[in-house]
Amino acid sequence: MKNCDTIHERLSLYLDHELQGDERTAFEAHIESCDSCASFVEKELAFLNAIRKSAPLYAASPELKTRVAEIVSGSKQPVVRPRRLKWVLPIAAAVLVLLLPVVIWRVVRQDDRPENGAPSAFA
């Protein structure tokens, strides 16, 4: 390894066991010869191990795990709900907006007519 900056850049690869061969050997050789980098790697490794040992915040139920496994493996297709129900409310609202003025106009017009059916004096 050329310098300590390279160690800091490649640390996550090292901790995840992704460095191979000569690159891993050079990384480990630098850590052994540089106290600053060794301390840095040790702290990061301790942090990573603490995270790995901590329990998950939420545990998935066995049913959920089974459903996810089935979907991922392709053995069972996910349930798809029909999309036409998604359009019922917007269509009903549009019909209401279009018909409401007509209904109001008809009701108001009916109230203006005389009860005996004769035309009004203003007509």
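Here, the structure is the one placed above.
Residues numbered from 1 in each chain as written. Predicted model: local features only at pLDDT ≥ 70, side-chain atom pairs only at ≥ 80, totals over all residues. Heavy atoms only, no water.

S.K.: Would you explain the overall build of the protein in this entry?
M.R.: The helix and strand tally for the protein stands at five helices and zero strands. In the protein, the succession of α and β elements from N to C terminus is α-α-α-α-α. Burial status across the protein gives 10% buried among its 123 residues. A separation of at least 24 residues holds for 48% of the contacts in the protein among residues at least 6 apart in sequence. Accessible area for the protein stands at about 11000 Å²; split by element, carbon and sulfur atoms hold 61% of it. (Helix = DSSP H or I, 4+ residues; strand = E, 2+ residues; numbered from the N terminus. Buried < 20%, exposed > 50% of the residue type's maximum accessible area, 1.4 Å probe, protein only. Contact = heavy atoms within 4.5 Å. Areas by Shrake-Rupley, 256 points an atom, 1.4 Å probe, with all protein chains shown as cover.)

S.K.: Can you help me understand the nonpolar core in this one?
M.R.: A general trend in soluble globular proteins is that nonpolar side chains are found buried together. Grouped together as the largest cluster of nonpolar side chains are 11 residues: Ile-7, Leu-11, Tyr-14, Leu-15, Leu-19, Phe-27, Ile-31, Cys-34, Cys-37, Val-41 and Leu-48. When residues of this core are assigned to their parent elements, the largest contribution, four residues, is made by helix α1 (residues 4–15). (Core = buried A, V, L, I, M, F, W, Y, C linked by side-chain atoms within 4.5 Å.)

S.K.: Help me understand a nonpolar patch on the surface in this model?
M.R.: On the surface, a nonpolar cluster with roughly 720 Å² of combined accessible area is contributed by Trp-87, Ile-91, Val-95, Leu-98, Leu-99, Val-103 and Val-107. In this structure, Val-95 sits in helix α5 (residues 88–112). (Patch = residues over 30% accessible without salt bridge, like charges linked within 9 Å, V, L, I, M, F, W, Y side chains within 5 Å. Salt bridge = Lys/Arg side-chain N within 4 Å of Asp/Glu carboxyl O.)

S.K.: Whenever I open this one, helix α3 (residues 35–53) confuses me. Can you help?
M.R.: Residues spaced three or four apart along an α-helix face the same direction, because each turn holds 3.6 residues. Taking 1.5 Å per residue as the helical rise, α3 with its 19 residues ought to reach 27 Å, and the 27 Å between its terminal C-alpha atoms agrees with that figure. Summarising the contacts, the buried residues of α3 are in contact with α1 and α2 (21–33). (Expected span 1.5 Å × (residues − 1).)

S.K.: Just checking my understanding: could you explain the packing of α2 against α3 for this structure?
M.R.: The geometry of a pair of packed helices is captured by two quantities: the angle between their axes and the separation between those axes. With their axes 5 Å apart at the nearest point, α2 and α3 run at an angle of 110 degrees to one another. In terms of axis orientation, α2 runs roughly perpendicular to α3. Across the interface between the two elements, Phe-27, His-30, Ile-31 and Ser-33 from α2 touch Asp-35, Cys-37, Ala-38 and Val-41 from α3. Classifying every residue of the contact of α2 with α3 gives five nonpolar, two polar and one charged. (Axes fitted to C-alpha atoms, helices over the stretch in contact; angles between N-to-C directions. Parallel < 35°, antiparallel > 145°, perpendicular 65-115°, else oblique. Nonpolar A, V, L, I, M, F, W, Y, C, P; charged D, E, K, R; others polar.)

S.K.: What is the right way to read the state of the cysteines from this model?
M.R.: Note on terminology: disulfide describes a covalent bond linking the sulfur atoms of two cysteines. According to the stated counting rule, one finds zero disulfides in the structure shown. The thiol of Cys-4 is not disulfide-bonded; the next cysteine sulfur, from Cys-37, is found 3.4 Å away. (Disulfide = S-S within 2.5 Å.)

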